[in-house]
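Listed below are the residues making up each chain.
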Amino acid sequence: MAAVGDPDNLGTDKDIVMARIAEKAGRYVDMANFMEKFVLRSLSAGRDLSSDERKLLVYSYKKVIDPLRSAWCVVHFNEQENQGSIDESETRDYRVKIESEMNEVCGSILKLLRDLIPLASSADSKVTYLKTKGDYHRYMAEYQTRDNREAAVADSLAAYKEAREIARLELPPCHAERLWLALNFSVFYYEHLKEYDQGSRMARQAYEEALPEMGSLSQELYSASENLMEQLRSNLTDWCPDDELPLV
């Protein structure tokens, strides 16, 4: 029998199978729960996740947190619009309910990442975990206030910086994980820290460094990196409309 966490076991492990079924059914909370169970068993065996397992973990939680982030934005906007009205307290209570759900999701994956990071067996594995840690602290910073927000921003920044140091030393510029990190880290600088020059500079540097090396990628790897390059280019077009960038 293949061991939990081995790439050969990806299609037959019961929780992986159920996670994929849940994905097909659009039941992303269930998918994340199955992946959590799988990761906990991998952790208990002292094993890192394979590339495909990491992708499933990140994808499942992203599909849970993104609708909550969108819902929070809508409710928060309506709360601001309804200040002083009879519906204000009910809207506030609803926002707090969504925030509680977001705290649960973020807390769940951050706890897994805390234990996965020391087990990372490769540079791309560690970059993935640290980038995802930065992402979920960033999501928490979107809705938290005062000291909690400052702590979330600081934790996000620290995780992104550590990931970037590893990526720049050990991953080629066109590697998908390095590009994904650059994409999210630059958004963090631009949208959360309001350091517009730093955010756009980071995105441009990642784009320009990766562009000459894209031709060296296999078709499978090229597709993932091309998508991220297009997202970097789209952001740079929005942030620096007067600049011209070569196409991938």
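Up top you'll find the structure we're talking about.
The shown structure was predicted, so the numbers you read here are calculated from the model rather than taken from an experiment.

Asker: So what exactly am I meant to see when it comes to the state of the cysteines here?
Answerer: One covalent bond between the sulfur atoms of two cysteine residues makes up a disulfide. Scanning all chains against the criterion turns up zero disulfides. Cysteine Cys 106 shares no disulfide, and the gap to the nearest cysteine sulfur, in Cys 73, comes to 13 Å.

Asker: I tried to follow a nonpolar patch on the surface on my own but got confused; where do I start?
Answerer: A contiguous nonpolar surface patch, about 220 Å² in accessible area, is contributed by Val 17, Met 18 and Ile 21. Within the fold, Val 17 resides in helix α1 (residues 14-24).

Asker: Sorry if this is basic, but what is going on with the packing of aromatic side chains here?
Answerer: How two aromatic rings sit relative to each other is set out by the distance from centre to centre and by the angle between their planes. Summed over all chains, the structure comprises nine aromatic pairs. Here the aromatic cluster, defined as three or more aromatic residues joined through ring pairs, consists of Tyr 160, Phe 185, Phe 188 and Tyr 189. Lys 131 extends its terminal NZ or CZ atom over the ring of Trp 180, reaching a point 3.9 Å from the ring centre.

Asker: In this structure, what is going on with the side chain of Asp 48? I would like to understand it.
Answerer: Inspection of the secondary structure puts Asp 48 in the loop between α2 (28-44) and α3 (51-81). Summary of buried charges: Asp 48 has no salt-bridge partner, and the nearest side chain of opposite charge, Arg 54, is 4.3 Å away. Looking at Asp 48, its side chain comes within polar contact range of the main-chain nitrogen of Ser 121, at 2.9 Å. One polar contact links Asp 48 to Ser 125, side chain to side chain, over a distance of 2.8 Å.

Asker: Would you take a moment to explain the pattern of salt bridges for this structure?
Answerer: Close approach of charged atoms lets side chains of opposite charge pair. The tally for this structure, following the rule as stated, stands at 17 salt bridges. We note a salt bridge from Lys 62 to Asp 66, for which the minimum N-O separation is 2.6 Å. Pair noted here: Lys 62 and Asp 66 are both in helix α3, with a separation of four residues, about one helical turn. On the accessibility criterion, Lys 62 (28% relative accessible area) is partly exposed.

Asker: What should I look at first to understand the side chain of Asp 135 in this one?
Answerer: When you line up the elements, Asp 135 lands in helix α5 (residues 123-143). A polar contact of 2.8 Å, which involves the side chain of Asp 135, links it to the side chain of Lys 131. Excluding anything up to four places from it in sequence, Asp 135 contacts Tyr 160 and Asn 184.

Asker: Can you help me understand the packing of α1 against α2 in this one?
Answerer: For any two helices packed against each other, the geometry is given by the interaxial angle and the distance between the axes. Their axes nearest at 8 Å, the elements α1 and α2 cross at an angle of 165°. Between α1 and α2, the interaxial angle falls into the category roughly antiparallel. Taken as a pair, α1 and α2 cross one another with a handedness that is left-handed. For the pair α1 and α2, contact is made by Lys 14, Asp 15, Ile 16, Met 18, Ala 19, Ala 22 and Glu 23 and by Tyr 28, Asp 30, Met 31, Phe 34, Met 35, Lys 37, Phe 38 and Arg 41, respectively. Tallied by class, residues from the contact of α1 with α2 come to nine nonpolar, no polar and six charged.

Asker: Is there a simple way to think about the packing of α3 against α5 in this case?
Answerer: It is at 12 Å that the axes of α3 and α5 come closest, and there the two elements cross at 10°. In terms of their interaxial angle, α3 and α5 are classed as roughly parallel. Packed against α3, whose contacting residues are Arg 54, Val 58, Tyr 61, Lys 62, Ile 65, Arg 69 and Trp 72, the element α5 presents Asp 124, Ser 125, Thr 128, Tyr 129, Thr 132, Tyr 136, Arg 138, Tyr 139, Glu 142 and Tyr 143 at the interface. The class makeup of the residues in the contact of α3 with α5 is eight nonpolar, three polar and six charged.

What counts as what
- Residues numbered from 1 in each chain as written.
- Predicted model: local features only at pLDDT ≥ 70, side-chain atom pairs only at ≥ 80, totals over all residues.
- Heavy atoms only, no water.
- Disulfide = S-S within 2.5 Å.
- Patch = residues over 30% accessible without salt bridge, like charges linked within 9 Å, V, L, I, M, F, W, Y side chains within 5 Å.
- Areas by Shrake-Rupley, 256 points an atom, 1.4 Å probe, with all protein chains shown as cover.
- Salt bridge = Lys/Arg side-chain N within 4 Å of Asp/Glu carboxyl O.
- Helix = DSSP H or I, 4+ residues; strand = E, 2+ residues; numbered from the N terminus.
- Phe/Tyr/Trp six-rings, centres within 6.5 Å; stacked < 30°, edge-to-face > 60°.
- Lys NZ or Arg CZ within 6 Å of the ring centre and 35° of its normal.
- Buried < 20%, exposed > 50% of the residue type's maximum accessible area, 1.4 Å probe, protein only.
- Lys, Arg positive; Asp, Glu negative; His and termini not counted.
- Polar contact = N/O pair within 3.5 Å; in protein donor to acceptor, adjacent residues only side chain to side chain.
- Contact = heavy atoms within 4.5 Å.
- Axes fitted to C-alpha atoms, helices over the stretch in contact; angles between N-to-C directions.
- Parallel < 35°, antiparallel > 145°, perpendicular 65-115°, else oblique.
- Left-handed = near helix turned anticlockwise from the far one by under 90°.
- Nonpolar A, V, L, I, M, F, W, Y, C, P; charged D, E, K, R; others polar.

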